[in-house]
Amino acid sequence: MIPNRKKYLKQQAQNGQKIMGVLPALYPRELLWAFDILPAEIWDPPGDILRANAHLQATICPIVKRGLEFILKESASVNAGYLFPHTCDSLQNLATQVKDLIGTSQPVYTFYNPKAQFNKTTRRYYLDLLQDFQTTLETKFGPLNRAKLMAACELGSKIDIRWLTLQNARRADQLELTNPEYFQLVRAGEYLKPEDYLTLLNQVEVQAGPVHQSNRRLLLSGILPPHEETLSFLDELSVTIVADDLLSGSRRFPITQLDTPVDPFEYLTDRHFLLPPCSTRASNLKERIHHLQKMISESQVHGVLFNIIKFCEPELFDHRFLVKTLKQNRVPLLSLETELLPGISGQDRTRIEAFIEMLDEQVSG
Amino acid sequence: MADNCFAGVDVGSLSTDVVIINASGKCLAEVVIATGLNGGETAQKAFDQSLNQAGLAQEQIKAVTATGYGRASVAFATGKTTEISCHGVGAHHLFPNTGTVIDIGGQDSKVIQVDERGRMLDFTMNDKCAAGTGRFLEVMAHRLELGLNELSDPLNIKGETVQISSTCTVFAESEVISLLAKQTPREQIVNGLQRSIVNRIWSMVTSIGIHGEVTLTGGVANNQGLVLVLEEKLGKKLNVPENPQTVGALGAAHIALRGYHK
Ligand SMILES: Nc1ncnc2c1ncn2[C@@H]1O[C@H](COP(=O)(O)OP(=O)(O)OP(=O)(O)O)[C@@H](O)[C@H]1O
Ligand code: SF4
Ligand SMILES: [Mg+2]
């Protein structure tokens, strides 16, 4: 059973837990854990967008809009500030706006993610960024306990390893989870304490062999999975999402298993540079396509579903190229555009059904 | 007297169309009526009319494929398929060299790429807004106090034109209002509107690419002015079926036939 997000965080706050609201997407979660801070990630809080629109352009993505709407509500379950990782220009601007113009009762932190390929200099740079972030956190939360950081890294590494196992099991049809259940599991990591998340992941049963032979297998790419209704609709059509290239999913887990942490900062740096290629880190497009192709063949999918968030600049920038190249390579694909509204539109139903009809025809020859 | 017959029922946002074919694919009935508030009832009504037209009893229809946005509401259907597949199949049956289908209906427009057997290879569909659909033209016709036939007159697009810059129906309508206020001749506004809708469709066409012959389906294919503008843009002739509104239903009927023999 996955605890309800709202109730869980409320309970944690009542227990005196420090909770930091973290906007998407990449940040050194282990460092926060070491300061006894629970990161509660803010991707797509539900509800109407009312006040945020007054501060933002119409052409800003709904993640930023929803993020600001959430911040403006001054939720009681965020008591240790907000963290804005530098994911894209829109989020960086939002950080500045919240800090300097709009204001909030909570402190605002930022974390810069280097938009560069791995080399000696960028590695050094990332290490410096981690240390700067440590210093910032120390001024507010007291000195860092290195042993706690070490333990946090070990816990993080266990989550990563378990996650890798579950991803492989999903690919091999060894998980008895519907599409919504699978992504609920992925997304529980956005708010559960790491020890609770690990317990949850460990509770998931991996069957010895395939539980069903899904013959409509898709790879999902984008920032977030589609709304639950869309995921259920895919189940109705006997479609299984067997692998993901989501920023909120597999793009936040290292491609391969890392060695057990020895020095926490070195470990976190290695981990960062072992993340799969991503639009928000300005990864090389060839690398991205290579990674996608590899996932496509390894997970034996029949096609790719892109869930594109409206006005998401980094993703849209890559999307054109990815679509063009995948089409050249005869990979069937469908792109859906989402404004993160609940439910599924009639048009999206038609798009998905038509896509599946197309796949079936191609499979049946 | 036909023995085994097959029907396709296309419950679109504006029109409900039924086509009945026999086992060799010959068309026996073709009906188009306006989709009422209740798609299921309209479908039944159109189906009854088509049976009448063909002189058939319901038992002689061995399979019925429902399509269109109201496809789920057709109680008597034996199967359902999206209008995207159906327009592809229908266009292929009418024009076997079709490689690209452009379906412009009342609420949606689609561009579909098909192979030499009529199987879908790729498609795209307009987003939520009505720009680039029949509905857009209807709103404008109403604003210009023109009938659809007058709006579709190919003469309008021969003369001068004006730029309609908004593709959004609501904004385009206010542009039309201000053009009217400036005494801009209606033909010029119509010309501008036809071109704006074609531009919108064109961006969908280019995202899929043009392959083989291009067949235009859906009610808007009756709009001769628009056909001319689209041909101008394409640099070649379009295949325009005699009855473009029933191409989806025709495709559905063929899918029903194919499914029956599987
Ligand atoms: N003679 C005509 N001249 C111009 N336009 C016409 C004519 N007849 C029909 N149309 C246009 O065709 C449109 C309806 O097309 P069609 O019947 O293919 O739509 P639909 O299938 O009901 O809609 P959708 O596929 O979007 O659900 C109307 O918007 C109308 O403007
Ligand atoms: S959806 Fe795209 S634009 Fe919006 S916050 Fe995420 S990365 Fe930035
Ligand atoms: Mg239609």
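Keep in mind that this is a model prediction, so the values were computed, not measured.

A.B. asks: Help me out: how do you make sense of the interface of chain B and chain A in this one?
C.D. replies: Quite often, the size of an interface is put as the accessible area lost when its parts meet. Counting residues at the interface gives 21 residues for chain B, matched by 15 residues for chain A. Where chain B abuts chain A, roughly 1,600 Å² becomes buried across the two surfaces, and 44% of that area is made up of carbon and sulfur atoms. On the chain B side of the interface with chain A, the three residues burying the most area are Met 120, Phe 123 and Met 125 of chain B, jointly 30% of the side's total. Linking chain B to chain A there are nine residue pairs in polar contact (both at pLDDT 80 or more). Ranked by residue count, the leading element in the side of chain B that touches chain A is strand S8 (residues 120-125) of chain B, at five residues. Among the residues forming the side of chain B that touches chain A, the class breakdown is six nonpolar, five polar and ten charged.

A.B. asks: It is not clear to me how the site of ligand 2 should be interpreted in this structure. Could you clarify?
C.D. replies: Residues and elements named next belong to chain A. The environment of ligand 2 is formed by Cys 61, Ile 63, Val 64, Thr 87, Cys 88, Leu 91, Cys 312, Glu 313 and Pro 314. Those elements that place two or more of their residues in the shell around ligand 2 are helix H3 (62-72) and helix H12 (313-328). Across the shell around ligand 2, the residue classes break down as seven nonpolar, one polar and one charged.

A.B. asks: In this structure, what is going on with the sheet that holds strand S2 (residues 15-22) of chain B? I would like to understand it.
C.D. replies: Strand pairs in the sheet, formed through backbone hydrogen bonds, run parallel or antiparallel to each other. Residues and elements named next belong to chain B. Across the sheet, five strands lie side by side as S3-S2-S1-S4-S5; this open sheet has mixed pairing. Both edges of this open sheet fall to strand S3 (27-34) and strand S5 (79-80), since each of them pairs with a single strand only. Taken together, the six bridges between strand S1 (residues 5-11) and strand S4 (residues 61-67) define a ladder with parallel strand orientation. The residue bridging Phe 6 from the neighbouring strand is Ala 63, located in S4. Each of S1, S2, S3 and S4 is contacted by helix H1 (residues 39-54), which is oriented at about 145° to S3, the strand it contacts most.

A.B. asks: Mind showing me how you'd approach the packing of helix H11 (residues 285-298) of chain A against H12 of chain A here?
C.D. replies: Each pair of packed helices gets described by two things: the angle between the helix axes and the distance between those axes. Residues and elements named next belong to chain A. One way to put it is that H11 packs onto H12 with a least axis distance of 10 Å and a crossing angle of 55°. Relative to H12, the element H11 lies oblique. Read as a crossing pair, H11 and H12 show a hand that is right-handed. Side by side, H11 and H12 meet where Leu 285, Arg 288, Ile 289, Leu 292, Gln 293 and Ile 296 of the first sit next to Glu 315, Asp 318, Phe 321, Leu 322, Thr 325 and Leu 326 of the second.

A.B. asks: Looking at this structure, how should I read the pairing of strand S7 (residues 109-114) of chain B?
C.D. replies: It is a general feature of regular strands that their side chains alternate between the two faces of the sheet. All names here are of chain B. Burial runs high along S7: six of the six residues are buried. The alternating pattern of S7 places Ser 109, Val 111 and Gln 113 and Lys 110, Ile 112 and Val 114 on opposite faces, both of which are buried. Hairpin connection from strand S6 (residues 98-104) to S7: four residues lie between these consecutive antiparallel strands. As defined by bridge partners, S7 adjoins S8 across five bridges and the pair is classed as antiparallel. Of the residues in S8, the one forming a bridge with Ile 112 is Phe 123.

A.B. asks: How should I be thinking about the packing of aromatic side chains in this particular structure?
C.D. replies: In this description, an aromatic ring pair is defined by two values, namely the gap between the centres and the angle between the planes. Residues and elements named next belong to chain A. Per the counting criterion, the structure on display carries twelve aromatic pairs over all chains. Site record: aromatic cluster; members linked through ring pairs are Phe 111, Phe 118, Tyr 126, Phe 133 and Phe 273. The ring of Tyr 182 has Arg 170 sitting right over it, with the charged end atom 4.3 Å from the ring centre. Over the aromatic face of Phe 233 sits the side chain of Arg 349, whose NZ or CZ is 4.8 Å from the ring centroid.

A.B. asks: Is there a simple way to explain the side chain of Thr 338 of chain A in this structure?
C.D. replies: Residues and elements named next belong to chain A. Examined against the element boundaries, Thr 338 turns out to sit in strand S8 (residues 333-338). For Thr 338, a relative accessible area of 14% translates into the label buried. At 2.8 Å, the side chain of Thr 338 forms a polar contact with the backbone nitrogen of Leu 340. Residues contacting Thr 338, with those up to four places away along its chain left out, are Pro 62, Asn 307, Ile 308, Ile 309 and Lys 310.

A.B. asks: Would you take a moment to explain the domain arrangement of chain B for this structure?
C.D. replies: Residue and element names in this part refer to chain B. Each assigned domain of chain B is listed here: domain 1 (5-89 + 245-261) and domain 2 (99-240). A straight line from the C-alpha centre of domain 1 to that of domain 2 covers 26 Å. Summed over both sides, the interface of domain 1 with domain 2 buries roughly 1,100 Å², with 66% coming from carbon and sulfur. For the pair domain 1 and domain 2, the number of links is one salt bridge. Residues Lys 110 and Glu 83 are paired through a salt bridge, measuring 3.4 Å at the closest nitrogen-oxygen approach.

About the criteria used
Residues numbered from 1 in each chain as written. Chains lettered and ligands numbered in written order. Predicted model: local features only at pLDDT ≥ 70, side-chain atom pairs only at ≥ 80, totals over all residues. Heavy atoms only, no water. Contact = heavy atoms within 4.5 Å. Buried area = accessible area lost by both parts, 1.4 Å probe. Polar contact = N/O pair within 3.5 Å; in protein donor to acceptor, adjacent residues only side chain to side chain. Helix = DSSP H or I, 4+ residues; strand = E, 2+ residues; numbered from the N terminus. Nonpolar A, V, L, I, M, F, W, Y, C, P; charged D, E, K, R; others polar. Near = heavy atom within 4 Å. Pairing = 2+ DSSP bridges. Axes fitted to C-alpha atoms, helices over the stretch in contact; angles between N-to-C directions. Parallel < 35°, antiparallel > 145°, perpendicular 65-115°, else oblique. Left-handed = near helix turned anticlockwise from the far one by under 90°. Buried < 20%, exposed > 50% of the residue type's maximum accessible area, 1.4 Å probe, protein only. Phe/Tyr/Trp six-rings, centres within 6.5 Å; stacked < 30°, edge-to-face > 60°. Lys NZ or Arg CZ within 6 Å of the ring centre and 35° of its normal. Domains from an automatic or database assignment. Salt bridge = Lys/Arg side-chain N within 4 Å of Asp/Glu carboxyl O.

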